[in-house]
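Each chain, written out:
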Amino acid sequence: LWADSQPNSPVRIWDSQELRVLKEISIEDILKEFPDLDPIDATLGPIGFVPGSYALSVNVSRNWIVVDPMTGKPARDILAGRVLKARSLAWDPLRRFVCAISHDSVATAYDVHSATPQHEFPDRIAAANWSRDGQRLLLGTVENGLAIYDSASWQQLRHIACSGRNDEGSCDISTDNRTLA
């Protein structure tokens, strides 16, 4: 499956073999399924598949939801069908956790299935990314540092100071877990 989203348009789910649209999910469809979302000025934003799953995460007016892409209904096995108020998400590749960064730069790790908070990180966070093995979480701080956390204990393993400021940056870990960017 492929998915795409354009401003003021429905999310489209594609058959990647036949290159045809299988399903369109409109903002109205989503608001029916998630009544807690504010319908005033509701818009669809960035989308992305949950690693190791067919579930699709969709940003709706500064909130993240997870839906079954073929029905548009809440994916109850991921985030228990709940809404996360966040500007960005970083999914653990092992599907245990999701790190949500709020609009005020607070990062919280949640259990993927129950949506219960597991750990709130102390720094103001601009970006998050997981190691490929899911054992480490890399956080880029607003003050332009990098922090590495262990996903089993939530202990900070290392902090690297950098110069400048990073309000809306990104961070990544190489596939061999040896290089940070």
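Here, the structure is the one placed above.
Read on for an overview of the structure.

A closer look at the sheet that holds strand β4 (residues 44-49)
Working step 1: Across the sheet, which stays open at both edges, the 4 strands sit in the order β4-β5-β6-β7 with antiparallel pairing between neighbours. Pairing within the sheet leaves two strands with one partner each, and these edge strands are β4 and β7 (84-85).
Working step 2: Here 2 bridges tie strand β6 (residues 63-67) to β7, and the two strands are oriented antiparallel to one another. From the neighbouring strand, Asn63 faces β7, where its bridge partner is Lys85.

Details of the side chain of Thr108
Working step 1: Along the chain, the position of Thr108 falls in strand β10 (residues 106-111).
Working step 2: On the basis of relative accessible area, Thr108 is assigned to the buried category, the value being 9%.
Working step 3: If sequence neighbours within four positions are ignored, Thr108 has contacts with Val98, Cys99, Ala100, Pro117, His119, Glu120 and Phe121.

A closer look at the packing of aromatic side chains
Working step 1: One pass over the structure, following the stated rule, counts 5 aromatic pairs.
Working step 2: A centroid spacing of 5.0 Å and a plane angle of 75 degrees characterise the contact between Phe97 and Trp154, whose relative ring orientation is edge-to-face. Of this pair, Phe97 sits in strand β9 (residues 97-101) while Trp154 sits in the loop between β13 (146-150) and β14 (156-160), and the two are 57 residues apart along the sequence.
Working step 3: A residue is classified by how much of its surface remains accessible, and Trp154, at 9% relative accessible area, is buried.
Working step 4: Their ring planes at 70 degrees and their centres at 4.7 Å tell us that Phe121 and Tyr149 sit as a pair that is edge-to-face.

What about the environment of Ile13?
Working step 1: The topology assignment puts Ile13 in strand β2 (residues 11-15).
Working step 2: Setting aside residues no more than four positions away along its own chain, Ile13 makes contact with Leu1, Trp2, Ala3, Arg20, Val21, Leu22, Lys23, Ile25, Leu56, Pro69 and Met70.

Considering the sheet that holds strand β12 (residues 136-141)
Working step 1: Reading across the sheet, the 7 strands line up as β8-β9-β10-β11-β12-β13-β14 and stay open at both edges, with antiparallel pairing between neighbours. Edge positions in the open sheet fall to β8 (88-91) and β14, since each of these has one partner strand only. Each strand of the sheet is rotated relative to its neighbour by a mean of 35 degrees, with strand direction disregarded.
Working step 2: Pairing of β8 with β9, which is carried by 4 bridges, proceeds in the antiparallel orientation. The residue bridging Ala90 from the neighbouring strand is Cys99, located in β9.

Concerning the pattern of salt bridges
Close approach of charged atoms allows side chains with opposite charge to pair.
Working step 1: This structure, assessed with the given rule, holds 7 salt bridges.
Working step 2: The closest approach of N and O atoms between Arg95 and Asp77, which form a salt bridge, is 3.8 Å. Residue Arg95 is found in the loop between β8 and β9, and its partner Asp77 is found in the loop between β6 and β7; the two are separated by 18 residues along the sequence.
Working step 3: Of the charged contacts, one joins Asp92 and Arg96 as a salt bridge, the two residues approaching to 2.8 Å between their closest N and O atoms.
Working step 4: The buried category is assigned to Asp92, whose relative accessible area is 0%.

Concerning the side chain of Asp15
Working step 1: Its place among the elements puts Asp15 in strand β2.
Working step 2: A polar contact of 2.8 Å, which involves the side chain of Asp15, links it to the backbone nitrogen of Glu18.
Working step 3: The residues contacting Asp15, other than those within four sequence positions of it, are Arg20 and Leu22.

Thresholds applied
Numbers given to residues run from 1 along each chain, matching the order in which its sequence is written. Reporting of local features is limited, given that this is a predicted model, to residues whose pLDDT is at least 70; pairs of side-chain atoms are given and counted only at 80 or more, and all residues count toward the totals for whole chains, interfaces and linings. Excluding hydrogens and water, the side-chain values take into account all heavy atoms of the structure. Any two strands with at least two DSSP-identified bridges between them are counted as paired. Every helix listed is a DSSP run of H or I at least four residues long, and every strand listed is a run of E at least two residues long, numbered separately from the N terminus. Each residue's exposure class comes from its accessible area (1.4 Å probe, protein chains only) as a fraction of the maximum for that residue type: buried when under 20%, exposed when over 50%, partly exposed otherwise. In this analysis, two residues are considered to be in contact whenever any of their non-hydrogen atoms come within 4.5 Å of each other. Stacked, tilted and edge-to-face are the three classes applied to pairs of Phe, Tyr and Trp rings, where Trp contributes its six-membered ring and a pair requires centres within 6.5 Å; stacked means planes under 30 degrees apart, edge-to-face means over 60, and tilted covers the rest. Helix axes are fitted only over the stretch in contact, all axes being lines through C-alpha atoms; the angle between N-to-C directions runs from 0 to 180 degrees. Salt bridge, as used here, is a side-chain nitrogen of Lys or Arg placed within 4 Å of a carboxyl oxygen of Asp or Glu. Side-chain atoms alone can form a polar contact between residues adjacent in sequence; in general such a contact is a pair of N or O atoms within 3.5 Å, and within protein one must be able to donate a hydrogen while the other accepts it.

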